[in-house]
Amino acid sequence: MSPTLQAEREASLQGRRTLLRLATAGSVDDGKSTLVGRLLFDTNSVLSDTLDSIETASRRKGLDRADLALLTDGLRAEREQGITIDVAYRYFATAGRKFVLADCPGHVQYTRNTVTGASTAHVIILLVDARKGVMEQTRRHLAVAALLRVPHVVLAVNKIDLVDFSETVFDEIATDFALLARTLGVRDSHAIPVSALEGDNVVTRSSRMPWYEGPTVLGYLESVDDTSLEVGEDFRFPVQSVVRPQSAVQAPWAASAPVVDGDYRGYAGLVAAGRVSVGEEVVVLPVGSHATIAGIDTPDGPLDVAVAGQSVVLRLDRDLDISRGAILTSTDAPPAPTRDLTGTVSWLTDRTLAVGQRVLVQHGTSLTKAVVKQIDGVLDLDFDARSAPTWRGTDALTLNDIGRVRLTLAAPLPVDPYKEHRGTGSFILVDEADGWTLAAGMAGPTSLRTLDVDPHDTTAEPVTS
Amino acid sequence: MSTTPTAGTAPTTARALRPLSELQALESESIHIFREVAATFAKPVMLFSGGKDSVVMLHLAAKAFWPAPVPFELLHVDTGHNFPEVLTYRDEASEFYGARLKVASVQDYIDDGRLRERPDGQRNPLQTVPLLDAITSGKHDAVFGGGRRDEERARAKERIFSLRDEFGQWDPRNQRPELWSLYNGRHLPGEHVRVFPLSNWTELDIWDYIEAEKIALPSIYYAHEREVALRDGMWMAITPVTPVRDGEPTTRRSVRYRTVGDMSCTAAVLSEATTVADVITEVGLSSLTERGATRADDRLSEAAMEDRKREGYF
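I will try to describe carefully the structure that is included in this document. Remember, predicted model here, so these are calculated numbers, not experimental data.

Residues and elements named next belong to chain A. Throughout the structure, instances matching the rule amount to 18 aromatic pairs over all chains. Relative to Trp211, the ring of Phe170 lies with its centre 5.6 Å away and its plane at 40 degrees, an arrangement referred to as tilted. Of the two residues, Phe170 is situated in helix 7 (residues 167-184) and Trp211 in the loop between strand 6 (188-193) and helix 8 (217-223); the sequence distance between them amounts to 41 residues. Residue class for Phe170 comes out buried when judged on its relative accessible area of 6%. Classification of Trp211 by relative accessible area gives partly exposed; the value is 22%.

If you want it as structure tokens, here you go:
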């Protein structure tokens, strides 16, 4: 086993290797598929049989070297047309981290794909062509990353070989980008000069740009802070189901599982944000009753503390009427259940959204009927480098629109503002008739900094009853 | 600069603030998916062949519902060409995890004329019909499969919740977007949803987890001696359904299986690996993909997997 592989194995077995989710975005012909292919190829994530098949395909196309972009086109139609139709997921790993990459198509109109890929991303890699600099599409993608609160954004200034590895060109683009990122309220951004085709600064440091002292793309991904935003937030736990075994369960496969009796009652779920300890007081929403955590159970034995991202079963010190859809929260600032939901939605289908329309709202583990009360406006993403996105009035939303809507819910939901809680501030809109996913929603004021003072922007009001 | 925390014996509270490890994060995500399906579908079923991915899937399901039992049945579509060691293991594992197993048999379909043998003798493609029949007759609205996105490039395109029409067909150009961890399983009568809880796992993750959780596997995953013949660059076992061909040289070799489909389409790899740790070393060093190395069914064409998936296969 090679030393790298050995290190990778040890890190993984000691539970030190972490999982980092990232998404890529860029316009057609910026070289996004090539960059992804290069990342996979130079991290030795491509095995020889796959490589043989793309070499054969590249030769058939008359190319003299393997076209790395072919690594990522999974569908027959994509290979035939040389385009990427839909988000694909790729995997690669280094000694310390495993990466799940959402490879999003870059077509100008596919805002919805970027939203899909970025919704779970910790890092987003945006691509620009060094010859063109920051384009409309870059601004669009960056606005989406800011809206979705992706913690880290990295700009890969690609095809730097075609501008003679010019420091001046790179600096101009990086400055433009940094300004834009600040305008939009992106928390952390960084720019890297690369040539995806030739491999400069993707995985291997380039000797052709001695003026660049920052990390390579992979170096950046390996060193970026991977503590999720959710870990630092207030505790949130959407209840998935109530666990009440009819009798004691024999589990020979789980030797360290505690023995439970027939009176067992627990609440299964995944900690969406923050942490919770045994003995801590929690609020049960939407009812509002209080209880104390009596135990945190897993088949591997009980825990003292559970943190964001962990699937556990919680027991409370008293019997309460809790079912799927309830949310357990910390006693600090629990969200007020409301029937008026205001949020920003990214419209994902070519069906139209109009005022008065009925939809289903899926939030956490609950599903509620809703009616569209008002459409405040649609986000104008055709802003230029010196301005910021603005809202424009509209009565309807359609494919790839990002709009502000107000919904009246059939039952009160404890929704957090998305800019404070990605887990309990997000929702999707579903078509009541055929179940199709219509929109991705972010509750409360938008996280785009420049839009915070928008006149339409009001926080949801609590139900008064 | 690295933010990866170092291993140590920090107290639980301090350790809890570190990011979850890769395997913890994958396990939690899969458990979340199992619970969402059980809570929102009327009659889920889980495909279970006794292969390593389906065993890991069953282990995760048992964890997801503990301390209650797994709330759905297991379904195996038996091609009639399965390795006997795997069938024995399949029955033992179902019992060990306290789950009920149903078997749909391709042989029954051939015997009564509903299916015909293919000229190439492969039975894997024949599984689709009994599978779809079992889904329909069992009124199953969700079907768990152990597919992973790292296996094949058509699978890299698939959502964790994958909507299928009444013919079980997948339409890759018209998939529902999947956002955050808000899985949408709503569907019309007759449609069903394929669910892949292992989507984000890789072959090495599966083996790491098998090692960490001490999960038992069928014996043929580890090195053993077997009569084999080299066909089309692959080591095929000599068995009653894959007999020696005229003039073909055979040899006894130490081999193991990387994937376990049926005997007619699954080849062995030469190996001395007798423990999980040995296997992990070999997998890490292999220059061939899991399916590329040993699956004859994926070699039929460049889009073999995509085509089978469109027809209703997993």
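So, next bit.
This part covers the side chain of Thr34(A). Residue and element names in this part refer to chain A. You can see Thr34 is positioned in helix 2 (residues 32-42). With relative accessibility at 17%, the residue Thr34 sits in the buried group. Contact partners of Thr34, with chain neighbours within four places excluded, come to Leu68, Ala69, Ala196 and Leu197.

Attention now moves to the pairing of strand 21 (residues 402-413) of chain A. Here strand 15 (residues 338-347) of chain A pairs with strand 21 of chain A via eight bridges, running antiparallel. Bridge pairing in strand 21 of chain A links Val345(A) to Gly403(A).

Here we come to the packing of helix 3 (residues 52-65) of chain B against helix 7 (residues 203-213) of chain B. Residue and element names in this part refer to chain B. Taken N-terminus to C-terminus, the directions of helix 3 and helix 7 make an angle of 55 degrees; their axes are 10 Å apart at the nearest point. Classified by the angle their axes make, helix 3 and helix 7 are oblique. Of the two elements, helix 3 crosses helix 7, and the hand of that crossing is left-handed. Here Lys52, Asp53, Val56, His59, Leu60 and Lys63 of helix 3 lie close against helix 7, whose contacting residues are Glu203, Ile206, Trp207, Tyr209, Ile210 and Glu213.

Residue and element names in this part refer to chain A. You can see Ser346 is positioned in strand 15. On the accessibility criterion, Ser346 (1% relative accessible area) is buried. Setting aside residues up to four positions removed in sequence, Ser346 forms contacts with Val115, Asp401, Ile402, Leu438, Ala439 and Ala440.

Reading the values: the criteria
Residues numbered from 1 in each chain as written. Chains lettered and ligands numbered in written order. Predicted model: local features only at pLDDT ≥ 70, side-chain atom pairs only at ≥ 80, totals over all residues. Heavy atoms only, no water. Phe/Tyr/Trp six-rings, centres within 6.5 Å; stacked < 30°, edge-to-face > 60°. Helix = DSSP H or I, 4+ residues; strand = E, 2+ residues; numbered from the N terminus. Buried < 20%, exposed > 50% of the residue type's maximum accessible area, 1.4 Å probe, protein only. Contact = heavy atoms within 4.5 Å. Pairing = 2+ DSSP bridges. Axes fitted to C-alpha atoms, helices over the stretch in contact; angles between N-to-C directions. Parallel < 35°, antiparallel > 145°, perpendicular 65-115°, else oblique. Left-handed = near helix turned anticlockwise from the far one by under 90°.

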